[in-house]
Amino acid sequence: MNWRLKIVQNFENLADFIFDNSKKTIFAVLLIVAALGSNLPNLKMDTSTEGFLHKTDEMRIKYDKFRDQFGRDEKILIAIKTQDIFNYDFLKKLALLHKELENNLPYIEEVNSLINTRNTHGTADSLVVEDLFDNYKIDKSTLSNKKKLATSNPLLKNLIFNDDKTFTNIIIDTQTYSSFDKYGEKIIINEEDEFAEEVINDTPKLYLTDDENTKIIEAVQQIIKKYEDDNFKIYLAGSALFAGVIKQSMQKDSESFIQKMLVVVTLVLALMFRRVSGVILPILTVALTIISTISLMALFKAPFTVVTQIMPSFLLAVITGASIHLLAIFYKDFSRTGNKKLALRFAMGHSGFAIVMTSLTTAAGMWSFSFSEVAPVADLGIFASSGIMLGLLFVLILLPAMIAMLKLKHKPISKYNFVMDNILHKIADFALNRAKIIVVISSIMIVIAIFFATQMKFSHHPLVWFEYDHPIRVSIETIDKQLKGSMTLEIIVDTGRENGLYEPAMLQKIEKITNYLNALKNEYIYVGKTITLVDVLKETNKALNANNLAFYKIPTNKDLIAQELFLFSNSGNDDLEDFVDSSFSKARITVKVPYIDAMKYNKFLGNIKAKISQELNTSANVSFTGIGVLLASIMEKSIRSSAVSYVIAFSLITIMMIILVGNIKIGLISMIPNILPILTIVAIMVAFGIPFDMFSMLVGAIALGLAVDDTVHFMHNFNHYRLSGKSVDEATRLTLVGTGRAIVVTSIVLSLGFLVLLSASMTNMFNFGVLTASAIFIALIADFLLLPAIMKLLEKK
């Protein structure tokens, strides 16, 4: 007996078993879903930049070590525009805002602004390091002197205020570590226990969580509302705040996507089946699939991210499509026979294997992402493919069981079906009668698309995900322009020896590096400011030499350097800890840059790495980290991983197609209609200037996994009719009439499912929705026209 016939019989037997044990089947499935669902409350959301890297990634490990040593580099920036930042009334208001932020923001280390900026000066017998406006006191009589002190400090320009003194910056440093332990319990230090803090320090710590970051941002957003006016225009930015805004947009969009998708699916199902059961059964199947999949994420501690937010809508569309293929055959046969058990048996035998194969190909397309070096993309691959397989089980087990339980009214075949069948007949005739011209036109399209594909350029610029007038984009672009940067790159210089940073030669090399960096500028990127240990030292040296500006330089004596840094450390100010480790062997150089495309950071970093390595030679090791460096690394890994994913997806799906068809040659050729949509989408992206970013690079493998579904259903039925002795023309017509309607509807559902993303507040999701929906539509046309044409030209009589 042919192996395909055995598979058909097995599915028919499975249908009979489920029909006879429907109550037990439904109970068992609901029990499994309930067990998985108990993990849902543990689901976390992560929009952090470092969250894009696996915890085992070398770049992530290096970044974690940096945070452990120097604290969190992600800041919240509050830039304020006014006529004159040294105006008395403005400073009074600024002091009030500073104080309220300092007193009311949760999970922060400190707030820095013009009010408490460091004022280092010397007296006859001591070094004094104090706030510019001590205890928030703004005194008219001393205001002129304070202005002179601030404007003469080179460190403050482009850090605390701009050139024309119309913008000033409040910089909020958040906690490095979470205030909660791994069990979610708040960490409380008993001040009466002298060993309590030591115990806390020895306990493995969690970094500041996404939820804690969100609470800080929400508090900032609430506080600034009370202060903003025409002469106190506020701009919010900083990488910590940007991550929070993305999270807020994600939460809003995710709810909207599901709601709109449910409306779309309900309407399509109602129009197709004209039965209440035809709407409710697929939606129940999908709902349980999504709940189970997201619960799996919670179980394995995989966070919900800006990438995995597409997964619920994706599963809703895919599992609805699989349900449609089963229900379309079931309702058609039920209308003919009126026997529910026989109709279910026929539907499972007819479509069961094809549904398995389409689920496997779609899962393969998604699973190819699981090898990605970008953590959220890998999570999407693992859990979306798992969700597809769970959905497959629900479609082939739960859906038949629910059908068996329901009392269905027998209805004759709708006139709509006859109209649809007539249209599909005409499509088949068109493809068969014009086979050569269809293949020629398709070949020309592929050649043109390949040409466009060679022009593609990669990009990753999260800021442009938001519209031009979105507050976060306006704020970041304004701060980049007025205060010369809202992002930071971090450079660590490791001398490899204790007190290595007391050596004048080493400090002079660091100063030479910062001078080189501060002079860098091109049309895309510039360095707005560098901050290092050298700034603190020069400031101290000047103060200890009667505040003489001529001494704003590095001392040439090692012992004098050690003494001056010791005096600064004992002044009561802890700023030195931000730039050097306790053994004075490692120095931190913070480089302030604008928020630009991550691909441009890569080129910039490549240039400065070579220069800095040349300058330091063998005297110290240098490493690069920080949020800006992570962004550049993430995009590089994304490009590399996408190439691997495409190869894996195409290879696995091709092998499955060959197995399904049972012929290597025909199996390979049948993949051509699935390559056409991907190449066409690439051409569209190049033509319309849509960036090849982390999201658009996902489209190809996802589209391949989805597009091949129609090919599987076509080839499964086509082979069935060919094996029964039908000609190519007859097999094509019977295939399109038998499964064509379901293919059309599933393509509509999938396309509309992704078009729902057009309502997204971020353009990356908008582009992703348009491109994937377009790929599915092109794949439908290719399967209805190109695939029959190829079979006509190649298949023997």
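Residues numbered from 1 in each chain as written. Predicted model: local features only at pLDDT ≥ 70, side-chain atom pairs only at ≥ 80, totals over all residues. Heavy atoms only, no water.

(A) Structural detail: the overall build of the protein. Looking only at helices and strands, the protein has 25 helices and 10 strands in total. Along the first, second and third principal axes, the C-alpha set of the protein runs to 105 × 55 × 50 Å. Summing over all exposed atoms, the protein offers an accessible surface of approximately 34,300 Å²; the carbon and sulfur share of this is 58%. Across the protein, 79 positive and 77 negative side-chain charges occur, with their mean positions spaced 13 Å apart. (Helix = DSSP H or I, 4+ residues; strand = E, 2+ residues; numbered from the N terminus. Areas by Shrake-Rupley, 256 points an atom, 1.4 Å probe, with all protein chains shown as cover. Lys, Arg positive; Asp, Glu negative; His and termini not counted. Charge placed at Lys NZ, Arg CZ, Asp CG, Glu CD.)

(B) Fine view of the pattern of salt bridges. One pass over the full model with this rule turns up 26 salt bridges. As a salt-bridge pair, Asp-333 and Arg-336 come within 2.4 Å of each other at their nearest N and O atoms. Taken together, the positions of Asp-333 and Arg-336, both in helix α10 (residues 311-337) and three residues apart, correspond to about one turn of that helix. We classify Arg-336 as exposed; its relative accessible area is 58%. Ionic pairing is found between Lys-538 and Glu-511, a salt bridge with its closest N-O pair at 2.9 Å. Of this pair, Lys-538 sits in helix α17 (residues 533-543) while Glu-511 is found in helix α16 (residues 504-518), placing the two residues 27 residues apart along the sequence. (Salt bridge = Lys/Arg side-chain N within 4 Å of Asp/Glu carboxyl O. Buried < 20%, exposed > 50% of the residue type's maximum accessible area, 1.4 Å probe, protein only.)

(C) Structural detail: the environment of Glu-577. Residue position: Glu-577 is located in the loop between α18 (558-569) and β9 (586-593). Remark: the alpha-carbon pair of Glu-577 and Thr-556, spanning 21 residues in sequence, is separated by 23 Å.

(D) A negative patch on the surface, seen in detail. A contiguous patch of negative charge on the surface is contributed by Glu-102, Glu-130, Asp-131 and Asp-134. Owing to a relative accessible area of 30%, Asp-131 belongs among the partly exposed residues under this scheme. (Patch = residues over 30% accessible without salt bridge, like charges linked within 9 Å, V, L, I, M, F, W, Y side chains within 5 Å.)

(E) Structural context of the pairing of strand β5 (residues 167-174). Counted residue by residue, β5 has eight buried out of eight residues, so it is predominantly covered. Burial of β5 is two-sided: the residues Phe-167, Asn-169, Ile-171 and Asp-173 facing one way and the residues Thr-168, Ile-170, Ile-172 and Thr-174 facing the other way are all buried. One ladder, built from seven bridges, connects strand β1 (residues 75-81) with β5; its direction is antiparallel. When the sheet's bridge partners are listed, Ala-79 is paired in β5 with Asn-169. (Pairing = 2+ DSSP bridges.)

(F) Summary view of the confidence of the model for the protein. Counting all residues, the mean pLDDT for the protein is 86, and 96% of those residues have values of 70 or more. Long-range and interchain partners of residues 195-200, a stretch whose pLDDT sits below 50, account for six contacts in this model, where long-range means more than four residues apart. (pLDDT = per-residue confidence, 0-100. Contact = heavy atoms within 4.5 Å.)

(G) Spatial organisation of unusual backbone geometry. Even without a glycine there, the phi angle at Asn-499 is positive, about 60°. Structurally, Asn-499 is set in the loop between β7 (487-494) and α16. Owing to a relative accessible area of 27%, Asn-499 belongs among the partly exposed residues under this scheme. Even without a glycine there, the phi angle at Asn-547 is positive, about 55°. Its relative accessible area of 34% is what places Asn-547 among the partly exposed residues.

(H) Layout of the sheet that holds β5. Taken in spatial order, the four strands of this open sheet run β2-β5-β1-β6, and their pairing is antiparallel. Strand pairing shows two members of the sheet lacking a second neighbour, β2 (108-112) and β6 (233-237), which therefore form its edges. Geometrically, the sheet is characterised by an average inter-axis angle of 15° between neighbouring strands, direction not taken into account. Here β2 runs beside β5; their pairing, made up of four bridges, is antiparallel. Along β5, the bridge assignment pairs Val-111 with Ile-172. Each of β1, β2, β5 and β6 touches helix α7 (residues 210-224); the most contacted strand, β1, lies at about 15° to it. Helix-sheet contacts for helix α8 (residues 239-273) involve β1 and β6, and the interaxial angle to β1 is about 100°. (Axes fitted to C-alpha atoms, helices over the stretch in contact; angles between N-to-C directions.)

(I) Structural detail: a nonpolar patch on the surface. Taken together, Ile-748, Leu-752, Leu-755, Leu-758 and Phe-766 make up a surface patch of nonpolar side chains, about 350 Å² in accessible area. When residues in the nonpolar patch are grouped by element, the largest group, three residues, is from helix α24 (residues 728-755). When you line up the elements, Leu-755 lands in helix α24.

(J) Local environment of the nonpolar core. Within the largest apolar cluster, 266 residues are counted, with the highest numbers of intra-cluster contacts made by Ile-78, Leu-114, Ile-172, Phe-314 and Met-715. Looking at which element gives the most residues to this core, the answer is α10, with 16 residues. Residue contacts for Ile-78: discarding those within four places in its chain leaves Leu-101, Thr-168, Asn-169, Ile-170, Ile-172, Val-220, Ile-224, Ile-234, Tyr-235 and Leu-236. (Core = buried A, V, L, I, M, F, W, Y, C linked by side-chain atoms within 4.5 Å.)

(K) Representation of the packing of α10 against α24. Close contact between α10 and α24 brings their axes to 9 Å; oriented N to C, the two are set at 160°. One way to sum up the angle between α10 and α24 is to call them roughly antiparallel. Crossing of α10 over α24 shows right-handed handedness. Facing α10, whose interface residues are Phe-314, Ala-317, Val-318, Thr-320, Gly-321, Ile-324, His-325, Ala-328, Ile-329 and Lys-332, α24 presents Val-737, Gly-738, Thr-739, Ala-742, Ile-743, Val-745, Thr-746, Val-749, Leu-750 and Phe-754. A class-by-class count of the residues in the contact of α10 with α24 yields 13 nonpolar, six polar and one charged. (Parallel < 35°, antiparallel > 145°, perpendicular 65-115°, else oblique. Left-handed = near helix turned anticlockwise from the far one by under 90°. Nonpolar A, V, L, I, M, F, W, Y, C, P; charged D, E, K, R; others polar.)

(L) Fine view of the sheet that holds β9. Judged by pairing direction, the sheet is antiparallel, and its four strands sit side by side in the order β8-β9-β7-β10 without closing on themselves. The outermost strands of the open sheet, each flanked by one partner alone, are β8 (529-531) and β10 (621-625). Along the sheet, successive strands turn relative to each other by an average axial angle of 20°, direction set aside. Sheet analysis places β8 next to β9, joined by three bridges and oriented antiparallel. Opposite Ile-531, over in β9, you have Thr-590 as the bridge partner. Packing against the sheet, helix α19 (residues 598-616) makes contact with β7, β9 and β10, and its axis sits at approximately 160° to β10.

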